[in-house]
Structure formats: C-alpha cells, structure tokens
Amino acid sequence: MRKPRLFVSFSGGRSSAYMAQWIKRTMGETHDLLFVFANTGQEHEETLKFVKRCDEAFGLGVVWIEADVQFGVRSSTKHRVVTFETASRNGLPFEHVIQKYGIPNQKFPHCTRELKLNPMYSYVDSVWPERDYQIAVGLRVDEQRRRRKDADFTRIVYPLMDWHPIDKEDVNAWWEQQPFTLNLTERQGNCVWCWKKSDRKHLLNLADDPESYEFPDRMEKLYPDAGAGNGGRVFFRGNRSTQDLIALSQIVIPDERMGSRDDEDGGCSESCEAFGEQQLDLFDEVAA
C-alpha cells in the first residue's frame, strides 16, 4: 500500500523551516515527502544560504525551482529545476513574469501566482501526476487569520496550527538553540522590496539597503505598459513608483520606534508563503 504523499512548501523563512524539519523528523517514515523551494530571482542571498543550510542539516532533499514563463502561448507558468549554485540572483524569472503579465501590485497581484504557485504545481504534477497529495504550509497557530477557507478542497494542511501547534515565540526560541538561523530581520524578508510591505518598512529598508530597490526601479522603467490592464503600472501602495518611495525616504526619517502593525503588510513578513492566502485552487488552470 502506497504511503500518503505530502508536498511541503518551503518558503525559506524560519517558521517554514521549522515545519520542514519537524515533518521530516516525525513523518519521514510514514509519508512520501517532497520539499520544494521556489526562487524568484529576487530572494535575499541570506534566504538562499538558509535554505541550503536547512537542506544539509535536516536531510530534506529540497528541490529548487524557478518560473519558466510560457511566452507566445496561452499557458500558465511552468517550472525549471535549478540548484543553489545555478539559482538566479539577478531577477530574471521575475523579469520574465513582468514581461508577460505586467508589473504586479495591489490591483494586479499575480507575482506569487506566477513565480511560486504555478511553478510549484507544475513541478509536483510532473512527479505525482495523480494529484493525490496534500500541501503542507508553514503558517503558525497565531496566524489563524491567514488560513484559507478552501483549505480542505485544495488539500492544504497547516501542521503548525493543527498537528503540532506552535506560535512565533516558540519558533524563535527553537532557532535560538540551533547552531544557525536565518540572518535577516522580519522587515527585510526574503524579498526586501516586496510591494506588499508597508511604507514604514520600505523607508527603513531603503535606509539600510537602497541597492535592493534598483530592480523594481528598472522594471518600472522598462515595462510600464506590459501585461493586460491600464498602462503605466508601478509597484507600490498608493500608486507610488520606486522613485516616489526614494523621494519620500529623503524627507521622512525612518525610525524603528514607529512600531510594527502586522495587518498592514498583506501577509508579507520574513518570507513569502505561496499558499498563505486565497490565491489559486489546486485544479485551476491559470492561462495568460
């Protein structure tokens, strides 16, 4: 009799990594496990190093994939398999998505779908075409508001909510006892300039790492009219461009004491969880 299949979506954050090692340790003998990390080409280098370190330390066998955009055909994004060494660092997968679908923002939130969800489904379907697997997502028990209403239908499970309930404080305490951790602050996240972040986080990140905003600035200049919908798209909240954010950072002094409001970031924290919100049904065919 075949073992149950569990596809583990490894986002590259601390909670996701905790979930991955717990699943490997407690379910490795009872389930067929598949750990997948989707690289957008704009992940922080520390995220890539962390994924590699976790893979080696916990014996996960992580499969690294990137988006393979299907130009000239009505087809959703497929996948290509890469490695830590060959994974894009220059944003090329992201640029390809922008070329076809346009710049993502609050009105056109397709980047997670095309850079993570569709490539992941494409890869897992190539291994388990029967689609008889569950999808493990690393949301914690203190993130109940991010649980998908259609989780049962889409076969999404939340081990850190339901099987091994644990909150953010517990996860951080566990990593403090480990010989390594993710060397990023939560506001940096694995995509420092993610358009979902609040203005507060952008101002702080611009002060620390202005070079990270060179990519969105270049995309806005190269592809303002790409994709369907109104032309002249920009990334950020309030219809702000990267240059608008930079100009704002020059007149507003960012301060960590501004405080953190979790609900202002649309689910963006230390990592981009592909299955965190109502994004895509398991059996949907997304076409351009």
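Presented here is a report on the structure given in the accompanying data block. (Residues numbered from 1 in each chain as written. Predicted model: local features only at pLDDT ≥ 70, side-chain atom pairs only at ≥ 80, totals over all residues. Heavy atoms only, no water.)

Some words on the pairing of strand 5 (residues 133-136)
Short version of the rule: Note on pairing: DSSP must find at least two bridges between two strands before they are called paired. Counting from the N terminus, the helices are DSSP H or I runs at least four residues long and the strands are E runs at least two residues long.
Relative to strand 5, strand 1 (residues 5-9) is paired through four bridges, and the arrangement is parallel. Each residue of the ladder has a partner; that of Phe7, found in strand 5, is Ile135. Here two bridges tie strand 5 to strand 6 (residues 156-157), and the two strands are oriented parallel to one another. Bridged to Ala136 within strand 6 is Val157.

Focus on the packing of helix 3 (residues 92-101) against helix 4 (residues 111-127)
The condition that has to hold: Comment: axis = line fitted to C-alpha atoms, over the contacting stretch for helices; angle = value between 0 and 180 degrees taken between N-to-C directions. By the definition adopted for this analysis, an angle is roughly parallel if under 35 degrees, roughly antiparallel if over 145, roughly perpendicular if from 65 to 115, and oblique otherwise. Throughout, a crossing is termed right-handed when the near helix is turned clockwise from the far one, and left-handed when it is turned anticlockwise from it by less than a right angle. The criterion used for residue contact is that any of the two residues' heavy atoms lie within 4.5 Å. Charged means Asp, Glu, Lys or Arg here, nonpolar means Ala, Val, Leu, Ile, Met, Phe, Trp, Tyr, Cys or Pro, and polar covers whatever is left, Gly included.
In the contact formed by helix 3 and helix 4, the axes pass within 10 Å of each other and the chain directions differ by 130 degrees. Compared by their axis directions, helix 3 and helix 4 come out oblique. The element helix 3 and its partner helix 4 pack so that their crossing is right-handed. On helix 4, the residues that touch Pro93, Phe94, Val97 and Tyr101 of helix 3 are Cys111, Arg113, Glu114 and Leu115. Broken down by class, the residue content of the contact of helix 3 with helix 4 amounts to six nonpolar, no polar and two charged.

Brief notes about the pattern of salt bridges
Definition in use: Think of a salt bridge as a Lys or Arg side-chain nitrogen and an Asp or Glu carboxyl oxygen that are within 4 Å of each other. Exposure categories follow from relative accessible area, calculated using a 1.4 Å probe and restricted to protein chains: below 20% of the type maximum is buried, above 50% is exposed, and the middle band is partly exposed.
Taken as a whole and assessed by the stated rule, the structure comprises 20 salt bridges. A salt bridge links Arg89 to Glu45; the nearest nitrogen and oxygen atoms lie 3.0 Å apart. Taken as a pair, Arg89 in the loop between strand 4 (78-82) and helix 3 and Glu45 in helix 2 (residues 45-58) lie far apart in primary sequence, 44 residues in all. Of the charged contacts in the structure, one is a salt bridge between Arg80 and Asp68, with a shortest N-O distance of 3.2 Å. Taken together, the residues Arg80 in strand 4 and Asp68 in strand 3 (residues 63-68) connect sequence positions 12 residues apart. Residue classification places Arg80 among the partly exposed positions, given a relative accessible area of 34%. What emerges from the salt-bridge pattern is a single network uniting Arg2, Arg5, Glu130 and Asp132.

Thoughts on unusual backbone geometry
If you check the backbone angles, Arg155 has positive phi at about 60 degrees while not being a glycine. Here Arg155 shows up in the loop between strand 5 and strand 6. Of note, Asn239 is a non-glycine position whose phi angle comes to about 55 degrees, a positive value. Residue position: Asn239 is located in the loop between helix 8 (214-222) and helix 9 (242-249). Residue class for Asn239 comes out exposed when judged on its relative accessible area of 63%.

Digging into the packing of helix 1 (residues 14-27) against helix 6 (residues 168-176)
Viewed as axis vectors pointing N to C, helix 1 and helix 6 meet at an angle of 75 degrees, and their least axial separation amounts to 10 Å. With respect to helix 6, the axis of helix 1 lies roughly perpendicular. Judged by residue contacts, Arg14, Ser15, Ala17, Tyr18 and Gln21 of helix 1 engage Val171, Asn172, Trp174 and Trp175 from helix 6. In terms of residue class, the contact of helix 1 with helix 6 is built from five nonpolar, three polar and one charged.

Quick word on the pairing of strand 2 (residues 32-39)
Look at any regular strand and the pattern is simple: side chains alternate between the two faces of the sheet. Formally: By convention a crossover is right-handed if, when the strands point away from the viewer, the path from the first strand over the helix to the second runs clockwise.
For strand 2, a buried count of six out of eight residues is recorded, marking the element as mostly surrounded by other parts of the structure. Judged from the five bridges that link them, strand 1 and strand 2 form a sheet pairing that is parallel. Of the residues in strand 2, the one forming a bridge with Arg5 is Asp32. In this region the chain leaves strand 1, passes through helix 1 and returns to the parallel neighbour strand 2; the handedness of that crossover is right-handed. Bridge count for strand 2 against strand 3 is four bridges, and the pairing is parallel. From the neighbouring strand, Ala38 faces strand 3, where its bridge partner is Ile65.

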